[in-house]
Every structure is written in structure tokens, then in C-alpha cells.
Amino acid sequence: MDFIIFLFTLLKVLLSTSVVGDPACRKTCGSLLVKYPFGTGCGCGSPRFYPYVTCNSDQLLLTTHTGSYPITSISYATSTVTITPPYMSTCNSMQQSPNLGLDWASPFQLGPSIIILLSCTPPTSSLIVKGSPVCDPSSSNLCASIYTCPSVVSLDLPLFPPTNSCCVYSPANFNAQGELDLRQLKCAGYTSIASLQDYPTDPSKWQYGVALKYTNGAFDDYYINNKCNTCEASGGVCGYAPRGNSFICACNGGFNSTTDCYNNQNQIIQDEDEYPGVIWSSTSLPTWNVWLGLLAALFLYLAT
């Protein structure tokens, strides 16, 4: 008898979790407003942006083949995000850095940042990629400014060193592997300036970060123009059904709608192809294999 009670109790719990709204689909991650095409987890936002962008412990992260990078700002108007790689140098803290890279399959590309390579093997005029110099001599004043920061000593450079080991990186994108390859360039570290903040000679007041542009693509443009704006206006979070990537509007109370949340009690999505008649949230998919296993165990017990 105890075994039967246990089975029915566990089955009830599993059934209840299949209709509860997924708390991972949120409108914010930390202090950042999260809107389509971004999402806070699987089934949230656009499938093109997952798993590149996720929310982990109230920190929105961009993950690529070279690491995970905190996203510090998003401009939906200009389709730009700014990341702050943890090993990137700033005026207050300079350090040796691993390569920075983007996945070519992702919807991101290098934006209008000013990247400065630090502590390179001089002369920087020898820094060449595919036969072309990569340093911009017209911006050497930025090297003179960043090298006034006392933290240059952390890169084994003396205070106020000559700027012949500093390079303002001029290519518009990364190499064929999608990386800023510091080892190939023979540089110890880098910094990236998202904005000079109207202080072109005061590196302590610059805004540091790597600006990235993102593209929605036809898939996202279609849903933004036709469904997502309506969903968000109704208080919902735009998302997708992981099995077919069809659009959903995740609403409060654990209901997913095909359009909006104004009448979410009557607009419940059902995965009719694989799970007929079962309501599910954006990431808490029904686990029929578990249920069937429990029922089979119950019948086997009754038969004996």
C-alpha cells in the first residue's frame, strides 16, 4: 500500500510541474531589461540567441568558444550589446589576457569598439595579419594616454613607458577563427574602449567594454513585427517551443499563449504532435517517459 501511495504522490507532483510557469523566462536579469530576441533561459527569447545569451545568478552572460563574458549594457535601438571580459585590462587594472573570440554561427559581430593591444613585442609596425598592418598610427595618442595608468607595471612595463609596444587595433573584425589572437600578435593583453566619454586624454574616465552588434535575421524580424510586440505589451515574455521553435508568449500563472496574455486562460499552447492534451511551459516540458514508467511499475505491482 505504501508503494502505491508513493507512486500516485510522485505522479501528482510531475503532473503539476508540467503546468507551472517557468521562472527562467523573466523580463530582467540583474539590472538589465531583457527583451526579445534575448532571453533568460532555454525557451525564452529567440532560439538563435540561445545558448549564446543566458542569465546566470542575475548576471546576463554571452558565451562563446573562448569563454563567458558579462553583458553590462544593451541598446535595443541600435542592436548593440557591451560585454566586459574578466581578463580585459582597464586603466585601474592591467593583466595578461587570453584570446577573445566570437562564434561565427552566432548573431554577433564586433561593433564600434576601440581595441588597444598592450605590451606587444616592439616595434608594433611589424604586427601584420594576412600581409596587412593591424595598427592604426593615427590613433597613437590613445596609447600615450593608456600608458600613463600606474597599472601598466602589472604588465612588466615601467611607469610612462614608450608607446612602441602599444597598438590601436584597426581591423574591423577578428581573424578566421573569430578571435583576437593575442599570442599570434605577440601581445600580453588588451583593452577595449566603448566610449571615450568626452575625455580623450583621461583613461581613468573612459568607458571600458567590447561593443558587439547583433542581427535579428528574418526569423526574429517576423516574430517581432507580428507577435512579440503584442506579447510584451500584454505583460508576457516572448519565447519559443524548443521542439519546433514555434513562437510562444509566456504569461504569468504558468500559461503559454500563441499570441498574447490578455486571454491566457483560453489561449493555452499544447504540443499536439508529441504530447496531445498536455499543457507545458517554455522549458518545463512534460516527461511522459517518467510517467509511463511509473504507471508500468504500478500495473506490475498490482498484477503480482
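Residues numbered from 1 in each chain as written. Predicted model: local features only at pLDDT ≥ 70, side-chain atom pairs only at ≥ 80, totals over all residues. Heavy atoms only, no water.

Draft legend 1. Layout of the state of the cysteines. Overall, the coordinates contain nine disulfides when judged by the stated rule. The disulfide that involves Cys 228 links it to Cys 238, with 2.1 Å between the sulfurs. Around the S-S axis, the bridge from Cys 228 to Cys 238 shows a dihedral of about 110° and counts as right-handed. With Cys 228 in helix H4 (residues 217-233) and Cys 238 in strand E17 (residues 237-241), this pair connects stretches of sequence that are ten residues apart. Accessibility expressed as a relative area gives 3% for Cys 238, which makes it buried. Looking at the unpaired Cys 42, the closest cysteine sulfur is the one in Cys 44, lying at 7.7 Å. (Disulfide = S-S within 2.5 Å. Helix = DSSP H or I, 4+ residues; strand = E, 2+ residues; numbered from the N terminus. Buried < 20%, exposed > 50% of the residue type's maximum accessible area, 1.4 Å probe, protein only.)

Draft legend 2. Highlighting the pattern of salt bridges. Taken as a whole, this structure holds two salt bridges when the rule is applied. Measuring nitrogen to oxygen at the nearest pair gives 3.3 Å for the salt bridge that ties Asp 58 to Arg 26. Residue Asp 58 is located in the loop between strand E3 (53-56) and strand E4 (59-64), and its partner Arg 26 is located in the loop between helix H1 (2-17) and strand E1 (28-29); the two are separated by 32 residues in the primary sequence. On the basis of relative accessibility, which here comes to 49%, the residue Asp 58 falls in the partly exposed class. Between Arg 48 and Asp 220 there is a salt bridge; the shortest N-O distance is 2.8 Å. In this pair, Arg 48 sits in the loop between strand E2 (32-33) and E3 while Asp 220 sits in helix H4, placing the two residues 172 residues apart along the sequence. When its relative accessible area of 30% is taken as the criterion, Arg 48 is described as partly exposed. (Salt bridge = Lys/Arg side-chain N within 4 Å of Asp/Glu carboxyl O.)

Draft legend 3. Broad picture of the UniProt feature "domain: EGF-like" (unreviewed entry) in the protein chain. When the UniProt feature table is mapped onto this chain, "domain: EGF-like" (unreviewed entry) is found at residues 249-261. Along residues 249-261, the helical share is 0% and the strand share 46%, with 7 Å between the first and last C-alpha atoms. (UniProt positions renumbered as here; feature names shortened; annotations may be inferred.)

Draft legend 4. Spotlight on the sheet that holds E17. With antiparallel pairing, three strands are arranged side by side in an open sheet as E17-E18-E19. In this open sheet, the two edge strands, each paired with only one partner strand, are E17 and strand E19 (255-257). Averaged over neighbouring strand pairs, the angle between their axes works out to 45° when direction is ignored. With five bridges connecting them, E17 and strand E18 (residues 246-251) associate as antiparallel partners. By the bridge assignment for E18, Ala 241 is matched with Ser 246. Taken strand by strand, H4 contacts E17 and E18, and its axis lies near 10° from that of E18. (Pairing = 2+ DSSP bridges. Axes fitted to C-alpha atoms, helices over the stretch in contact; angles between N-to-C directions. Contact = heavy atoms within 4.5 Å.)

Draft legend 5. Local environment of the nonpolar core. Within the largest apolar cluster, 55 residues are counted, with the highest numbers of intra-cluster contacts made by Phe 108, Leu 117 and Leu 180. Residue contributions to this core peak at five residues, all from strand E9 (residues 114-120). When near neighbours in sequence (up to four residues on either side) are disregarded, Leu 180 contacts Asn 99, Leu 100, Ile 115, Leu 117, Tyr 169, Phe 174, Leu 185 and Tyr 190. The next biggest cluster of nonpolar side chains, apart from the first, holds ten residues, and it includes Ile 224, Cys 228, Cys 238 and Cys 251. (Core = buried A, V, L, I, M, F, W, Y, C linked by side-chain atoms within 4.5 Å.)

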